[in-house]
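# Commentary on secondary and tertiary structure
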Amino acid sequence: MKNKKNKFVTVSAIQSSVGSDMKINVEKTILLVEEAVKKGAQIIALQELFDTSYFPQYQKMNKDDFAEDASGYTIKVFKEVAKKHGVVLIIPIYEKKKNAKGKIEYHNSAFVIDDKGKLMPTYHKVHIPHDPGFYEKEYFKPSDNGYKIYKTKFATFAVLICYDQWFPEAARAVRLEGAEIIFYPTAIGNIIGYNAEGDWHDAWETAQRGHAIANSVHVVGINRVGREGQMEFFGQSFVSDPFGKVLARASSNKDEVLVQKIDLERNTFFAEGWGFLRNRRPDTYKVLTLNKLIKKSKGLQNVEHYKDMQKALKKND
């Protein structure tokens, strides 16, 4: 029996600081994308809400100051970039769109543009948090069209956005649907003046590497850097192989173009060797599809660390 040829693809995670001018943010990012292209990247992913400040750390912001539709400047210019260089781009923005009934909706979206400059189906963030510093339910409508699998010239992948990465069900679902890589565009950091009980960076990376291991799949985590309000984003975008080994990691405080060649046949190697997908018992998982949720505690407002978090955020008000 002949061994299969290695299936290599070069991926890129672009992390950067973000200013208040959306157009400047876009123009800056185009230069970073072109740098990734020069380094051989074939699939290039940007961070969550790449062209805006992380406005959900505040309440009652004007949505239209940050939102754009698919026909706007940002997507138009990146379609041209993708076509010019023959690369696949993952462009996460705050999307304003009309639904089938003509009503305006706002989504935390990832636009995927193929190597010909054509838009593929848009992914809307499924899981939406709502806590101090992350008031996302105020701004984002949860997805009503599920997860997306992108079959491109270079690889088949899925995009899950930020808070989605804490849910193992999402990673398992897209892997079973054929994803060879899971990209996680995120915007996560530490609240300045708040001493968290745990290490959020360690938790963020560990959870994603856990998804890589449990699903025998490559994972690319993308995060922004810099201070915005009371939030200090910790960067450290990374690429993980299917057994959780970090193949490349960016810095914690610099704009950076992370580029890494990966071997997709390693997915098969680990899947066969460990059998995590082959030995599943779906008949025992029925509770996972029930609408069985743990309600938020009414006593949370009186927990000391919760009050400390709110106090730290108010320092910037």
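This text goes with the structure placed above it.
Residues numbered from 1 in each chain as written. Predicted model: local features only at pLDDT ≥ 70, side-chain atom pairs only at ≥ 80, totals over all residues. Heavy atoms only, no water.

A few words now on the overall build of the protein. Within the protein, the regular secondary structure consists of six helices and 15 strands. For the protein, whose C-alpha radius of gyration is 19 Å, the value lies close to the compact-globule estimate of 20 Å for 317 residues. Principal-axis analysis of the C-alpha atoms gives the protein an extent of 65 × 50 × 45 Å. Taken across its 317 residues, the protein has 50% of its residues classed as buried. As presented, the protein carries roughly 15900 Å² of accessible surface, and 52% of it is formed by carbon and sulfur atoms. The distance from the centre of the 49 positive side-chain charges to the centre of the 39 negative ones in the protein is 5 Å. (Helix = DSSP H or I, 4+ residues; strand = E, 2+ residues; numbered from the N terminus. Rg over C-alpha atoms; globule rule 2.2 N^0.38 Å. Buried < 20%, exposed > 50% of the residue type's maximum accessible area, 1.4 Å probe, protein only. Areas by Shrake-Rupley, 256 points an atom, 1.4 Å probe, with all protein chains shown as cover. Lys, Arg positive; Asp, Glu negative; His and termini not counted. Charge placed at Lys NZ, Arg CZ, Asp CG, Glu CD.)

Turning next to the sheet that holds strand S15 (residues 256-263). Taken together, the six strands give an open sheet; going across it, the order is S5-S4-S3-S2-S1-S15, and neighbouring strands pair in mixed fashion. Strands at the two margins of the open sheet, each flanked by one partner only, are strand S5 (123-124) and S15. By the bridge criterion, eight bridges tie strand S1 (residues 8-15) to S15 in an arrangement that is antiparallel. Residue pairing in the sheet places valine 9 in a bridge with isoleucine 262 of S15. Along the sheet, helix H2 (residues 73-85) contacts strand S2 (43-46), strand S3 (88-98) and strand S4 (104-113); its crossing angle with S3, the most-contacted strand, is approximately 160°. (Pairing = 2+ DSSP bridges. Contact = heavy atoms within 4.5 Å. Axes fitted to C-alpha atoms, helices over the stretch in contact; angles between N-to-C directions.)

What follows is about the environment of valine 239. Tracing the chain through its elements places valine 239 in strand S13 (residues 238-240). Judged by its relative accessible area of 0%, valine 239 is buried. For valine 239 and isoleucine 222, which are 17 residues apart along the polypeptide, the C-alpha to C-alpha distance reads 8.8 Å. With sequence-adjacent residues up to four places away left out, valine 239 is seen in contact with Val11, Val219, Val220, Lys245, Val246, Leu247, Ala248, Leu258, Gln260 and Ile262.

With that settled, the discussion passes to the packing of helix H1 (residues 22-38) against H2. For the pair H1 and H2, the least separation of the axes is 11 Å and the interaxial angle reads 15°. In terms of orientation, H1 lies roughly parallel with respect to H2. H1 and H2 meet at a crossing whose hand is right-handed. Of H2, the residues touching H1 (which contributes Lys23, Val26, Glu27, Thr29, Ile30, Val33, Glu34 and Val37) are Tyr73, Thr74, Val77, Phe78, Val81, Lys84 and His85. (Parallel < 35°, antiparallel > 145°, perpendicular 65-115°, else oblique. Left-handed = near helix turned anticlockwise from the far one by under 90°.)

In total, this model carries 13 salt bridges according to the counting rule given. The partner of lysine 28 in a salt bridge is aspartate 255, and the shortest N-O contact between them spans 2.8 Å. Taken together, the residues lysine 28 in helix H1 and aspartate 255 in the loop between strand S14 (246-249) and S15 connect sequence positions 227 residues apart. Here glutamate 205 and arginine 249 are joined by a salt bridge, their closest N and O atoms 2.9 Å apart. (Salt bridge = Lys/Arg side-chain N within 4 Å of Asp/Glu carboxyl O.)

Time to look at the packing of helix H3 (residues 168-176) against helix H4 (residues 200-215). In contact at an axis separation of 10 Å, H3 and H4 are set at 40° when each is read in the N-to-C sense. Taken as axis vectors, H3 and H4 run oblique relative to one another. Considering how the two elements wind past one another, H3 and H4 form a crossing that is right-handed. For the pair H3 and H4, the contacting residues are Pro168, Ala171, Arg172 and Arg175 in the first and His211, Ala214 and Asn215 in the second. In terms of residue class, the contact of H3 with H4 is made up of three nonpolar, two polar and two charged. (Nonpolar A, V, L, I, M, F, W, Y, C, P; charged D, E, K, R; others polar.)

Another point: the sheet that holds S14. Judged by pairing direction, the sheet is mixed, and its six strands sit side by side in the order S6-S7-S8-S10-S13-S14 without closing on themselves. One side of each edge strand has no neighbouring strand; the edge strands of this open sheet are strand S6 (150-151) and S14. Across two bridges, the pairing between S6 and strand S7 (residues 156-159) is antiparallel. The residue bridging tyrosine 150 from the neighbouring strand is phenylalanine 157, located in S7.

It is worth spelling out the nonpolar core at this point. Among the nonpolar cores identified, the biggest contains 43 residues, and Val9, Val11, Ile43, Ile90, Phe157, Ile181 and Phe183 are the most heavily contacted of them. At four residues, the largest contribution of residues to this core is made by strand S8 (residues 181-185). Among all residues touching phenylalanine 183, those that are not within four sequence positions of it are Val11, Ile43, Ala45, Ile90, Phe157, Ala158, Val159, Leu160, Val220 and Ile222. Counting residues in each nonpolar core, the second largest holds 23 residues, with Val26, Phe78, Ile93 and Phe111 among its members. (Core = buried A, V, L, I, M, F, W, Y, C linked by side-chain atoms within 4.5 Å.)

This part is about the packing of aromatic side chains. Under the criterion given, the structure shown has 20 aromatic pairs. With centroids separated by 4.3 Å and ring planes inclined at 20°, the aromatic side chains of phenylalanine 55 and phenylalanine 66 adopt a geometry described as stacked. Taken together, the residues phenylalanine 55 in the loop between S2 and H2 and phenylalanine 66 in the loop between S2 and H2 connect sequence positions 11 residues apart. A relative accessible area of 1% means that phenylalanine 55 is categorised as buried. An angle of 10° between the planes, with centres 5.4 Å apart, marks the rings of phenylalanine 243 and tryptophan 274 as stacked. Residue phenylalanine 243 is found in the loop between S13 and S14, and its partner tryptophan 274 is found in helix H5 (residues 265-274); the two are separated by 31 residues along the sequence. (Phe/Tyr/Trp six-rings, centres within 6.5 Å; stacked < 30°, edge-to-face > 60°.)

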